[in-house]
Amino acid sequence: MTERSLAVPFTRSAPEKSPRSGMLGYERATVVTANGRATAETSKTTFCAIVIRPLPLKRDTAASLPSRCVRSPSRNRTSVQIESIEGGRLDTAAYKGKVVLLVNTASFCGFTGQYKDLEALWRKYKDRGLVLLGVPANDFGAQEPGSNAEIKKFCEANFDVSFPLADKQVVIGEKAHPLYKWAAQQTGPLGVPTWNFHKILIGRDGRVIDWFTAMSGVGDKLEQAIEKALAAGNS
């Protein structure tokens, strides 16, 4: 069978042993496609609510990882820092062990009304361990042109948004924030945002579970995935 590079759901096999290099690690996973089964190198770097857990890494892949995802020699974990829309850094260390829904947002998009549904989702599940993190971005259609202060005022005035918002970031390409570069490594090309209000669901163990496009909205499929992710941490 010809090997294909597909960003499709996969079942993980046991990790291969690789030389300990003090960097983040990869494991071999089994990718299931419509045409059969094929093995592919799949990232196993983890995201513990924006905290990257280090694993052994094959040395020839180290250069491709974001610099802020490299293991610190004096710590067991390295945080990917992200600024709050209000100024200062978000307390991402507090997200460890929680389910995180990462959403790139915009104020002047046809999907901006999803803020209302996202806020309802946040209020429903936050006490059970969900963190909803909005990341304003001007990457698609230049639909988030405002300053951080303008974005914050818009969200609060129009949608009563209370979930955490990061400051405006780039979420695609070479200039993407390290968090989104990490997510792209986890999901592959099909999971990278292609428009505003793309949603990436991350489990309590720091691994990407699934992603949802803006077109899918905030509906039953997303809510069921969140329920499952929350329950998994309590089993």
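Figured I'd write up the structure that's included with this text.

About the criteria used
- Residues numbered from 1 in each chain as written.
- Predicted model: local features only at pLDDT ≥ 70, side-chain atom pairs only at ≥ 80, totals over all residues.
- Heavy atoms only, no water.
- Helix = DSSP H or I, 4+ residues; strand = E, 2+ residues; numbered from the N terminus.
- Buried < 20%, exposed > 50% of the residue type's maximum accessible area, 1.4 Å probe, protein only.
- Contact = heavy atoms within 4.5 Å.
- Areas by Shrake-Rupley, 256 points an atom, 1.4 Å probe, with all protein chains shown as cover.
- Phe/Tyr/Trp six-rings, centres within 6.5 Å; stacked < 30°, edge-to-face > 60°.
- Core = buried A, V, L, I, M, F, W, Y, C linked by side-chain atoms within 4.5 Å.
- Axes fitted to C-alpha atoms, helices over the stretch in contact; angles between N-to-C directions.
- Parallel < 35°, antiparallel > 145°, perpendicular 65-115°, else oblique.
- Left-handed = near helix turned anticlockwise from the far one by under 90°.
- Nonpolar A, V, L, I, M, F, W, Y, C, P; charged D, E, K, R; others polar.
- Pairing = 2+ DSSP bridges.
- Right-handed = clockwise from strand over helix to strand, strands pointing away.
- Expected span 1.5 Å × (residues − 1).
- Salt bridge = Lys/Arg side-chain N within 4 Å of Asp/Glu carboxyl O.

## Some remarks on the overall build of the protein
Of the regular secondary structure elements, the protein holds 4 helices and 10 strands. Put simply, the protein runs from its N terminus to its C terminus through helices and strands in the order β-β-β-β-β-β-β-α-β-α-α-β-β-α. Sorting the 235 residues of the protein into buried and exposed places 48% on the buried side. Residue pairs in contact within the protein that sit at least 24 positions apart in sequence constitute 68% of those at least 6 positions apart. When the accessible surface of the protein is totalled, it reaches about 11,600 Å², and 51% of it is carbon and sulfur.

## Observations regarding the packing of aromatic side chains
Under the definition given, this model contains 6 aromatic pairs. Ring centres 5.8 Å apart and planes at 45° place the aromatic pair phenylalanine 108 and phenylalanine 154 in the tilted group. Pair noted here: phenylalanine 108 is in the loop between strand S7 (99-105) and helix H1 (114-125) and phenylalanine 154 is in helix H2 (residues 148-159), with a separation of 46 residues, a long-range link.

## A word on the nonpolar core
Counting 25 residues, the largest nonpolar core has Leu101, Leu118, Leu132, Phe163, Leu201 and Ile226 as its most contacted members. Mapped by element, the contributors of at least two residues to this core are S7, H1, strand S8 (130-136), H2 and helix H4 (220-232). Other than its neighbours up to four places away in sequence, leucine 118 contacts Leu101, Val103, Leu132, Phe163, Phe197, Lys199 and Val218. Counting 21 residues, the second-largest nonpolar core is a separate cluster that includes Tyr95, Val131, Val171 and Ala176.

## Concerning the packing of H1 against H4
Helices that pack against each other are described as a pair by the angle of their axes relative to one another and the distance between those axes. Relative to each other, H1 and H4 sit at 25°, their axes nearing to 12 Å. Relative to H4, the element H1 is oriented roughly parallel. Seen from above, H1 lies across H4 with right-handed handedness. From H1, Leu121, Lys124 and Tyr125 reach across to H4, where they touch Leu222, Glu223, Ile226, Glu227 and Leu230. Its residues placed into classes, the contact of H1 with H4 shows 5 nonpolar, no polar and 3 charged.

## With respect to the pairing of S7
Of all the 7 residues making up S7, 7 are buried; the element is thus mostly covered by neighbouring parts of the structure. With 7 bridges joining them, S7 and S8 adopt parallel strand pairing. The partner of leucine 101 across the bridge, within S8, is leucine 132. For the crossover from S7 across H1 to S8, the handedness is right-handed. The pairing of S7 with strand S9 (residues 199-202) spans 4 bridges and is classified as antiparallel. Bridge pairing in S9 links leucine 101 to leucine 201.

## Remarks on the sheet that holds S8
Reading across the sheet, the 4 strands line up as S8-S7-S9-S10 and stay open at both edges, with mixed pairing between neighbours. Looking at strand neighbours, the two that pair on one side only are S8 and strand S10 (208-212), the edges of this open sheet. The average undirected angle you get between the axes of adjacent strands in this sheet is 15°. Taken strand by strand, H1 contacts S7, S8 and S9, and its axis lies near 155° from that of S8.

## Some remarks on H2
Residues spaced three or four apart along an α-helix point in a common direction, a consequence of the helix completing one turn every 3.6 residues. An ideal rise of 1.5 Å per residue puts 16 Å on 12 residues; H2 measures up with 16 Å between its terminal C-alpha atoms. In the segment just after H2, aspartate 160 is the residue with positive phi, at about 55°.

## Concerning the side chain of glutamine 114
Its place among the elements puts glutamine 114 in helix H1. Its relative accessible area of 8% is what places glutamine 114 among the buried residues. Those residues in contact with glutamine 114 that lie beyond four places of it in its chain are Phe197, Lys199, Ala214, Gly217 and Val218.

## A look at the pattern of salt bridges
Under the criterion given, the structure shown has 7 salt bridges. Among the salt bridges present, the one from aspartate 160 reaches arginine 123, with a minimum N-O distance of 2.9 Å. A residue pair is termed long-range when its members are at least 10 positions apart, and aspartate 160 in the loop between H2 and helix H3 (178-187) and arginine 123 in helix H1 qualify at 37 residues. In this structure aspartate 160 comes out as partly exposed when scored by relative accessible area, which is 47%. In this structure arginine 123 comes out as partly exposed when scored by relative accessible area, which is 43%. Of the charged contacts in the structure, one is a salt bridge between lysine 124 and glutamate 223, with a shortest N-O distance of 2.3 Å. With a gap of 99 residues between them, lysine 124 in helix H1 and glutamate 223 in helix H4 connect regions that are remote in the sequence. Where salt bridges share partners, they join Glu86, Lys152 and Glu156 into one cluster.

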